[in-house]
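Observations on chain architecture
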Amino acid sequence: MPGRWNREGDRSARETQILGWILVVPAMAAVGALILYPLVKGFQQSIQSGGILFGELPGYVGTRNYRDVLNDPTSRDAMRHTLEYVLLAVSLELVLGIFVAVTLHRVFRGRGFVLAVLILPWALPSVVSGVLWRRVFDPDNGLLNSVLLHLHIINQPQVWLASGRGAIIYITLVHVWGVLPLISLIFLAGLQSVPDEVYSASAVDGAGPWRQFRYITLPLLRPSMAIALTVGTLLAISIFDEIYVLNGTALNTRSILIQVYNTTFVEADFAHGTALAFVLAAVTAVLGGFYALALRRSTV
Amino acid sequence: GGSSSSSGSSASSESIRGQTITVLVPYVMPQKLLNQFTAETGVNVNYVRTGWDATHNKLIVANTAKTYIADVAEFDWSFTGQFAGAGWVEPLDNLLPAKTLADLKSTDAAFVSGGKTYAACYSNDFRLSMYNKQMFAKAGITSFPATFDELATDIQKLQASGVKYPLQIPMAATEGGITPWYLLTLAMGGQLFDQNLKPVFQTPDSAGYKALQWEADAVKNGWVSPGSVALNDDVALNDFLAGQSAILFATGPGNLPTANDPSQSSIVGKAALGLVPGVDGPGASFGLPEGLSIPVTAKHKAAAAAFINWWEQPKNAIAIYKTQGSLPCGTSTIKQMVATGQLQGGDVLNQELTHVGPLFQAGAPIWYSQFSADAQGLANAAVKGQMSVQDALTQLADKASARTQ
Amino acid sequence: MTTTLGMRVLKALAVTLIVVWSLAPIVLGVTTSLSTQREVNEGPSHWFPHHPTTQAYRALIGGTTGEHSGGTVTQRGEFVQSMWVSAELALLSAGLTLVVATMAAYAFGRLRFRFGGFLLALLVGTMVVPIFVVVIALFKLMANAHLIDTKKGLVLVFVATLTPLATWLLYTQVREMPAEPEEAALIDGCRRWQAFVRVVIPQMSSGIAAVAAILALSVWGEFLIPLLLTQTQNAKPVTVLITEYVGKYTTNYPILAAGGVLALIPPALLALALNKRITGMLAGS
Amino acid sequence: MTATGTITLESVTKHFPGGVVAVDNLSLEVQPGEFLVLVGPSGCGKTTALRMVAGLEPVTDGQIRINDRVVTRLPPRDRDIAMVFQNYALYAHMTVRNNMAFGLKMARMPKDEIRRRVDEAAVMLGLTELLNRKPRQLSGGQRQRVAMGRAIVREPSAFLMDEPLSNLDAKLRVEMRGEIIRVQRRIAAPTLYVTHDQTEAMTMGDRVAILRDGLLQQLGTPDQVYDRPVNAFVAGFIGSPSMNLLPAGLEADGDGWAISVGGARLAAPKLLEQRRSLRGYLGKPVTLGIRPEDFGTDGGGGEIDVTVSRLESLGSELVAYLAPAGMAADTLLTARLERRASLAEGSATRVTVDVDRLYFFDPDSGAALT
Amino acid sequence: MTATGTITLESVTKHFPGGVVAVDNLSLEVQPGEFLVLVGPSGCGKTTALRMVAGLEPVTDGQIRINDRVVTRLPPRDRDIAMVFQNYALYAHMTVRNNMAFGLKMARMPKDEIRRRVDEAAVMLGLTELLNRKPRQLSGGQRQRVAMGRAIVREPSAFLMDEPLSNLDAKLRVEMRGEIIRVQRRIAAPTLYVTHDQTEAMTMGDRVAILRDGLLQQLGTPDQVYDRPVNAFVAGFIGSPSMNLLPAGLEADGDGWAISVGGARLAAPKLLEQRRSLRGYLGKPVTLGIRPEDFGTDGGGGEIDVTVSRLESLGSELVAYLAPAGMAADTLLTARLERRASLAEGSATRVTVDVDRLYFFDPDSGAALT
Ligand SMILES: Nc1ncnc2c1ncn2[C@@H]1O[C@H](COP(=O)(O)OP(=O)(O)OP(=O)(O)O)[C@@H](O)[C@H]1O
Ligand SMILES: Nc1ncnc2c1ncn2[C@@H]1O[C@H](COP(=O)(O)OP(=O)(O)OP(=O)(O)O)[C@@H](O)[C@H]1O
Ligand SMILES: [Mg+2]
Ligand SMILES: [Mg+2]
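Treat the numbers as computed from the prediction; the structure is a model and nothing was measured. (Residues numbered from 1 in each chain as written. Chains lettered and ligands numbered in written order. Predicted model: local features only at pLDDT ≥ 70, side-chain atom pairs only at ≥ 80, totals over all residues. Heavy atoms only, no water.)

1. Quick word on the coordination of the magnesium ion (ligand 4)
Ideal coordination angles are 109.5 degrees for a metal with four donors arranged tetrahedrally and 90 or 180 degrees for a metal with six donors arranged octahedrally. Note the cut-off: Counted as donors are N, O and S atoms no farther than 2.8 Å from the metal, or 3.2 Å for Na, K and Ca; water is not among the atoms, and sites may therefore look incomplete. Counting from the N terminus, the helices are DSSP H or I runs at least four residues long and the strands are E runs at least two residues long.
Coordination of the magnesium ion (ligand 4) by the protein is provided by E:Thr47 (OG1) and E:Gln86 (OE1), with metal-donor distances spanning 1.9 to 2.2 Å. Here the residue E:Thr47 occupies a position in helix α1 (residues 46-54), and E:Gln86 occupies one in the loop between β6 (81-84) and α2 (96-106), the gap between them amounting to 39 residues.

This is how it looks when you write it as structure tokens:
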């Protein structure tokens, strides 16, 4: 008679149930109250008209706002730029992030110092780093121009951010500079759960550093990679400060979030702003889900 | 001035005693002055200094949420359409003494919407030029050009005397980079919009078109450095202060003291203000004043009004000017400052003030911010040559027209 | 492990590269902070100040008295106070988030309970929510709870925004952790939560240290949330304060840079402190 | 009528996801204070069984009782057991002392008492010098001893030990065997003890349970399982070197029986004829079992001609691998001989077999024919 | 004149931080194709020695050569060794197949060849069914076999094995012993093999090295270390159960010598008198060593009166713990006796000692007196 013991009640399993719930309550409560609830409100906003501010009666307008933002040519351009930022930034961050994490995973004298230096770009308030980068890329008096002129690599000052492609690349570099510490730390955190002994075993098996990396580190970093990719995408898809400081709202570098910012904070049009932001969130969520699934193959 | 009588509004000063108001303004205010206000009115002030860029964001969020944020809040001329249209701020017409309002008449035009005044000006900002007297002298120019033709000639003279890029105009895709176009449009004798808020800048014979073309040509002709297309107004000022150019176009009056501050400027004593050039004789300029408003969510409106009124008194306005550098607005205050020589470049300022009007005759429209955001991107694309002037302005006009529907 | 000279050279090279990449713009910040505004304006010839001065730092700490500085005026004590606020916010939020997230991560990673998978997806999913969508409702919520302009309020919001990432990071670690020591603890008479606190958490300590760094630094650099939810010095972190030194017409580069440089010190100290906790492969020898 | 000091498994089954049946309908009772040794080939389900008793692995089906209390669904802590894990499972972040003290702390024992017990166990286990080290600074054997120490300081109602001595040297192992037995006797806690060591199984266990593929094969005293294995599997598994199992025939030979194995023909002792189950196999093939120690080089019994294939000296004795004449070429008999037996590798010789100690099994089912 | 197939340790020393000297000035040469067994008590430095040879642990002092190439500072991958780790160190993220194939992949072996070798090893190790599992789905013994498989597929220039069979049952262990030896002979790779198992040490090793506290005690063939241990430590360590070591006196007795031990007096064989080093101990205390198997219940030799304290049946034989008359109360002699020896626990009896096989040691230094 299978399952006849179940009548006794499964205390072990029940305790696990209860503890599970207790442990997730604080997290769910915080996120539920301060993110999910406002999110629902925000969604309501995105399907409402902008209200009296735009000469309309308040009320639900269905998907109109979404259609508006998706049909707007500037939004479309911004989406294309954003895609470029994301692809470029995320691939750079992935490669550099793993490189940095693997380097810092080894304990060596002075690692503390390097770790401290590593996080500086991230700790620098964005206004300050914006101003510094502006000094670097300034077309007239910038550091970059003056160095390159000095080295005779260029013979007249360049307006770095004027052209489309170039500007997007430079801005992405600035973005990556600021985000790399976070991505590196995510990978570093991931490496903490890799046991030393597999490195011993693989060394004996004849794997050099590169192949240890390829066959041991990389596979074991899979879960972290999903996180890093998601976070990297998240940050790149909402790239803002770097563009705003270096090139304002110029059309050739405008990202979606600048568009969102203009719509919400400049034009006070929260209806369209949130609609566009929701589009952005949906894209990120889809990408994040995709990464997580693609990299899920459990490691242990 | 007679402080006790002027600080009391129509509401009895007793009823506000003991109240605490929050004031949200992007400038520092010495505690000493606030103490004086408290001593006079019994109102305590919680003075919140915000970041310049952040102020608008904070107000937008709080107001959209219909939530209290301050009793007295910053109010830029560009907010007028938006904030008044949304009903976020109280009209001041009945809250401030008539005398104070009358004194502010000239500057407050920018804050009027639907016949009501929504803010009291405290920072009298408008656009004019600044130039380097020494460079002018070296090029043999004796006075600042009054017309665009003279300007062109002078620029060539300056170039001949060794100034590579005599002109400094910020043209980045930012608010600071778009104002020169507005200014040029007015200076060339035109308007951006007609009385019905229809765009009038898209035909080649319009002032707006000519103005943008002029900017694009300035880049092409090498009057300005190639980097100008990515230049923001603060950097433009810095470059001018470093002595890199002879003329800073479309700057604010508060920058002359800065040019004479040896810790910031390499051209101390060499800078002078110049009137905005025009087609024949000085052209029109426009004001970008900042004012103090009372949000509808304010808790102590009477006390807030008392504070604004206190600020506008010449004695206080001048004291505040000395710490903040924002030019007062009241006609009597300016007079007093010019008379006592407390205003650097006072004569030019006084002259320019006669050419200053609001950018929008009927007050900034509700969609001004959208228009400005569109203009920034499109004008920038035009001066970069990524788009023709015609295309940029046509697109801009189309967008603007769509908004007015 | 025994390694070759070539490897060691490569490693040194890698480390140098990281340091240079991270540090180069910071060096520019330091030189800027030691310049006068005038030298900064003068540009190319003055990347390194000809007359280094600590004036900007003095202004930052002691306040400026000069007139007509166009909004870049600093007030005595303000900056230091904001540094404290930032530090307090970073430590409190990171600490609280760690507690909340570690608990959740353990539950999701080790305990089988109903809807666990769904809740995890929901939680992690909120990472993609842009602040713009929630800001209005959040502001209203905070205002109603009288949490505007309080550190308490900010900490709550930070905890909510950081918990998803922290939970995800820790969840992956819980999954990789060998289960046996925890099982031994259960047999040794621990309740599940005791085993969690006394065995699992110490086991994860190096991972937690890395996540702690991520959290504290995230809070330290946060701008938009504190901007919108604070008013006065009460709860104004250094990131927000520094933006106030950007004036309408002028930006006081030296003061801004000095503020930036000073704002780097606590995070750097934190990294140094956590370095020992973050164990790595023992290399080099 | 509670039976104190018992562990009972009733029809316990464990399926792992993926279709592995690790433990199959296992019923087993460890009697009051009994020391029960669980043996079986690698992967037969010993560890899984232990983990189910400990409450670490949910039971697919069946019931587990400790001291007659049903614990099948209770969390581990409510079972009051101590366990030594096969892979030690030490607390990496605690010193050796704290590893051992942890369980006692959880039981809120007074500090003094904890210290006393840990010190005592450390002496017993030779860990006194190492009390302040962390596990990663220990050798394999030292870690294993810590794991052992953690269990014995507890004085629980039941012990579960999973190969607790596998990483210790012979000498230490003999000592530890004694210590474990002493502790277990004192506490009188029923004990399930997994081992691969024949000597441990034979000397420590009150009874021995032999598992194979999750199925219980035999449960009995060490002598029982050695002398009367229920099937060829148990016979081959218990005893080292293993029993020789050979195809043979049982034949009537004059007035008695004879066993033909390869070229040899052994006269069966009369006693054999009384075995009921054997009778049916007369004239049929059987599997013949001969323990290595039942060979000799002199003395009586049956005789087999062999070629000495290889000799292994264990110091105290000699293990000879012998190729019997007339059998499949690769058949090798293992014989334990006196170390002074005079054999030379490669030489042909004749060895004796103690025919009184032969075993017979059904060639198909492997069941012992008794 | 390179010696292929050798591993040489020259004065190798290892200090751990904290002052532990794990290996102390160890010199050792594994000769071409030799199978050298390393034994010693738990914590004596065996694993550490292996790890240094593998390049996993930096050497504090001394030199290591493989095939006469100095490898002391080379990274592990340049040493071409295969190692079985005491704790397996499997790749948790790879299947069993990939665990075994990894080393071959690293050597860029063709896919077919890899598959062939892994399949072959899997059959040998009984892992065929498990090739697609991940390590966490395996039992302890299965994991150990995977670790083994990972090493043997490699065909390296040297093998290092750290207790590779400790978690296997007796039967499998016997099989595996044979397989390991076969593989090692085929590849002719010098092998350092750590074990705690007496049988493995005695049967597998060409030579045996005995370590104690990081110091090499003796290096010799199994018979040498068994029959002629250089000191009491080795004598006690090799052989299971351990040699009995008793305080005794060497006395002149008429025209010969006698050994007094407790109340007994054993006539020493004449041969003893020829041992130079023994002569000096006449009239002085010595430590007397008697192997358990040198006791008997009948036959000649010296005789000792004992009380049977405890009997352990191992099935194939009997281990008796005997309290000799006239000695300290807790002295127990261990004797391996025929299983049919008729003794009863608690009874007094007389056992014989093979006086030709007595060992003598200096009571202080423990050095063998030969
Ligand atoms: N990381 C370490 N730090 C300090 N001491 C250590 C460290 N690793 C090992 N030891 C010590 O060094 C000595 C030798 O250890 P090793 O692991 O070589 O022993 P072993 O001979 O392999 O023992 P076992 O048979 O128990 O595995 C032991 O006393 C151990 O405690
Ligand atoms: N998580 C798992 N998933 C699937 N199969 C498993 C899992 N754990 C163990 N097994 C299988 O269950 C069987 C029993 O495993 P168990 O660990 O109980 O063996 P064991 O008798 O302890 O063996 P050993 O003596 O080798 O330790 C083995 O065949 C093993 O491969
Ligand atoms: Mg097991
Ligand atoms: Mg070891």
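2. Observations regarding a positive patch on the surface
Inclusion rule: Exposure above 30% relative accessible area and no salt bridge define the residues that can form patches, which grow by joining like charges within 9 Å and nonpolar side chains of Val, Leu, Ile, Met, Phe, Trp and Tyr within 5 Å. Residue burial considers only the protein chains on display, and all accessible areas are found by Shrake-Rupley using a 1.4 Å probe. Take a side-chain nitrogen of Lys or Arg and a carboxyl oxygen of Asp or Glu: if they are within 4 Å of each other, that pair is a salt bridge. Neither His nor the chain termini are counted; the positive set is Lys and Arg, and the negative set is Asp and Glu. Throughout, a charge is located at the NZ atom of Lys, the CZ atom of Arg, the CG atom of Asp or the CD atom of Glu.
Judged by side-chain charge, C:Arg198, D:Lys105, D:Arg108 and D:Lys111 come together as a positively charged surface patch. Secondary-structure assignment places D:Lys111 in helix α3 (residues 111-125).

3. A short note on the site of ligand 1
Put simply, the rule reads: One heavy atom suffices: a residue is near a molecule or strand as soon as one of its heavy atoms comes within 4 Å of it. Identification of polar contacts relies on pairs of N or O atoms within 3.5 Å, with a donor-acceptor requirement for protein atoms, meaning one able to donate a hydrogen and the other able to accept it, and with residues adjacent in sequence counted only if both atoms are side-chain atoms. Residue polarity is assigned by list, with Asp, Glu, Lys and Arg as charged and Ala, Val, Leu, Ile, Met, Phe, Trp, Tyr, Cys and Pro as nonpolar; anything else, Gly included, falls into the polar class.
Taken together, 21 residues are adjacent to ligand 1, and D:Arg133, D:Ser139, D:Gly141, E:Thr47 and E:Thr48 come closest. Bordering ligand 1 are residues originating from chains D and E. Between E:Ser42 and ligand 1, the recorded distance is 2.8 Å, taken from a side-chain N or O atom to an oxygen atom. In the model, an oxygen atom of ligand 1 is placed 3.0 Å from a nitrogen or oxygen of the E:Gln86 side chain. Put simply, the parts of the chain that give the shell around ligand 1 at least two residues each are α4 (140-152) of chain D together with β2 (20-30) and α1 of chain E. For the shell around ligand 1, a count of residues per class yields five nonpolar, twelve polar and four charged.

4. As for the interface of chain C and chain A
Where we set the bar: The criterion used for residue contact is that any of the two residues' heavy atoms lie within 4.5 Å. Accessible-area loss on putting two parts together, using a 1.4 Å probe and summing over both, is the definition of buried area adopted here.
Of the residues lining the interface, 97 residues belong to chain C; the matching set on chain A comes to 95 residues. Between chain C and chain A the total buried area reaches about 8700 Å² when both faces are included, carbon and sulfur atoms providing 80% of it. For the interface between chain C and chain A, the tally reads zero salt bridges. Viewed at the interface, chain A and chain C are joined by nine residue pairs in polar contact (both at pLDDT 80 or more). Of the residues forming the side of chain C that touches chain A, the biggest block, 15 residues, is contributed by helix α1 (residues 5-33) of chain C.

5. Describing the pattern of salt bridges
Worth spelling out the cut-off: The buried label goes to any residue with under 20% of its type's maximum accessible area, the exposed label to any with over 50%, and the partly exposed label to all in between, with areas taken from a 1.4 Å probe on protein chains only.
For the structure on display, the rule yields 74 salt bridges over all chains. When the shortest N-O distance is used, the salt bridge between D:Glu120 and D:Arg116 registers 3.0 Å. Remark: D:Arg116 and D:Glu120 occur in helix α3; sequence separation between them is four residues, near one turn of the helix. With a closest N to O distance of 3.8 Å, E:Glu312 and D:Arg177 form a salt bridge. Residue E:Glu312 is located in strand β16 (residues 302-313), and its partner D:Arg177 is located in helix α5 (residues 170-187); the two belong to separate chains. D:Arg177 carries the same exposure label as E:Glu312, and that label is buried.

6. Here's the deal with the site of ligand 2
The environment of ligand 2 is formed by 21 residues, the closest being D:Thr47, D:Thr48, E:Arg133, E:Ser139 and E:Gly141. At the site occupied by ligand 2, nearby residues are drawn from chains D and E. With respect to ligand 2, the side chain of E:Ser139 contributes an N or O atom lying 2.6 Å from an oxygen atom. About the coverage of ligand 2: the protein hides 91% of its 640 Å² of free accessible area. Going through the elements one at a time, β2 (20-30) and α1 (46-54) of chain D together with α4 (140-152) of chain E are the ones with two or more residues in the shell around ligand 2.

Taken by themselves, the reported measurements are silent on function.
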